[in-house]
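Structure assessment
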Amino acid sequence: MALPIYASPLERVWHYTRLVICALIFLFLIAPILIIMPLSFNAEPYFTFTEKMLAFDPAGYSLRWYDLLLTQPSIPNDVPRDAAWWGQVWRESAWVRAAKNSVIIGFFATIVATVLGTIAALGLSRPEMPNRRLIMAILISPMIVPIIITATGLFFFYSSPCALIGWTGLSQYCGRLTSSYTGVVLAHATLGIPFVIITVTATLIGFDQSLNRAAASLGAPPATTFFKVTMPLILPGVISGALFAFVTSFDEVVVVLFVAAHDQQTIPRQMWNGIREQISPAILSVATILVVISIGMLATLEVLRRRSERLRGVTPQ
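Anyway, here's the lowdown on the structure attached to this text. (Residues numbered from 1 in each chain as written. Predicted model: local features only at pLDDT ≥ 70, side-chain atom pairs only at ≥ 80, totals over all residues. Heavy atoms only, no water.)

**Observations concerning the overall build of the chain**
- Along the backbone of the chain there are 15 helices and zero strands.
- Residues classed as buried in the chain amount to 37% of the 317 residues present.
- Counting only contacts in the chain whose residues sit at least 6 apart along the sequence, the fraction spanning at least 24 positions is 58%.
- Per element, the accessible surface of the chain, about 19100 Å² overall, is 71% carbon and sulfur. (Helix = DSSP H or I, 4+ residues; strand = E, 2+ residues; numbered from the N terminus. Buried < 20%, exposed > 50% of the residue type's maximum accessible area, 1.4 Å probe, protein only. Contact = heavy atoms within 4.5 Å. Areas by Shrake-Rupley, 256 points an atom, 1.4 Å probe, with all protein chains shown as cover.)

Written as structure tokens, this is what we have:
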């Protein structure tokens, strides 16, 4: 925002001082990312900048750590990379398998979180909803409570949930949620629902309820009114919440350590194991890929935000 021509000298000084402070804070926040990304191209197995890297010598840079994500001891690296080689990578590479697990778990967790979160936001947006503040506080508590507490609670609940509430006859079925993909999906959906509720509720603040009443007065049933009137207008908020839920699931490691089986490796868990067992710059390569994916999702969120503001008649800032 430009300063007006009538701004006083003190206002101008404060304006540029604030810009410098904001720039320094921004640099402080992105400094780890700025360090990790070039280090992922290091030709040497070190977590430091070598002399060749600092001199911008091409010999100091390499894609070896990105290539390492595709290879394993059982996958030869000196054979032609034909369809058979890529098929073996798809089946046996630990990082590829972890990426598949993360995508599958994140996809289904996002669907569950988006559906339940959108329904909850629609109910909380109605003025006749009793105890809205209390219900909202309960629903968004997973993003407030420390994740270690949530993970511990999910572990004990999955271990014998029905016994905790008196349904001992169903404990053998409920306990199967532990160390199963269903349990991980439900746990990640629990963490993603608050983000969907917040984004959809924010979208519904500017929603004109008279549109629903007009559709009902013309004979449209509730389902038609929702999918033809409400959903198109709140769709940017729903997609934004879904992206937040997916990122939350894709980046989560503590809950996976508590409720997932040993062979249910996700990318964060694979990175955790790599840090504990053998520190390799390949972890920096994975981190760089995740940063690029996050930037793409943030750009998508910004586009959706501007579209939502245009639909509500608000001038995008």
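**Considering the environment of alanine 245**
- Tracing the chain through its elements places alanine 245 in helix H12 (residues 222-250).
- The contact partners of alanine 245, leaving out residues within four places of it in the chain, are Thr110, Ala113, Gly192 and Val196.

**Points about the side chain of serine 93**
- Along the chain, serine 93 turns up in the loop between helix H4 (83-92) and helix H5 (94-124).
- Taking relative accessible area as the criterion, serine 93 reaches 0% and is therefore assigned buried.
- Among the polar contacts listed, one links the side chain of serine 93 to the backbone oxygen of leucine 69, at a separation of 2.8 Å. (Polar contact = N/O pair within 3.5 Å; in protein donor to acceptor, adjacent residues only side chain to side chain.)

**Describing the nonpolar core**
- In terms of nonpolar packing, the biggest core is built from 28 residues, with Val200 and Val255 touching the most fellow members.
- Of all the elements in the fold, those that place two or more residues in this core are H5, helix H7 (147-159), helix H10 (181-205), H12 and helix H13 (254-259).
- With 10 residues, the single largest contributor to this core is H10.
- If we ignore the near neighbours within four places in the chain, the residues touching valine 200 are Thr118, Ala121, Ile234, Gly237 and Val238.
- Within the second largest apolar cluster, 13 residues are counted, among which are Trp95, Ala282, Ile283 and Met297. (Core = buried A, V, L, I, M, F, W, Y, C linked by side-chain atoms within 4.5 Å.)

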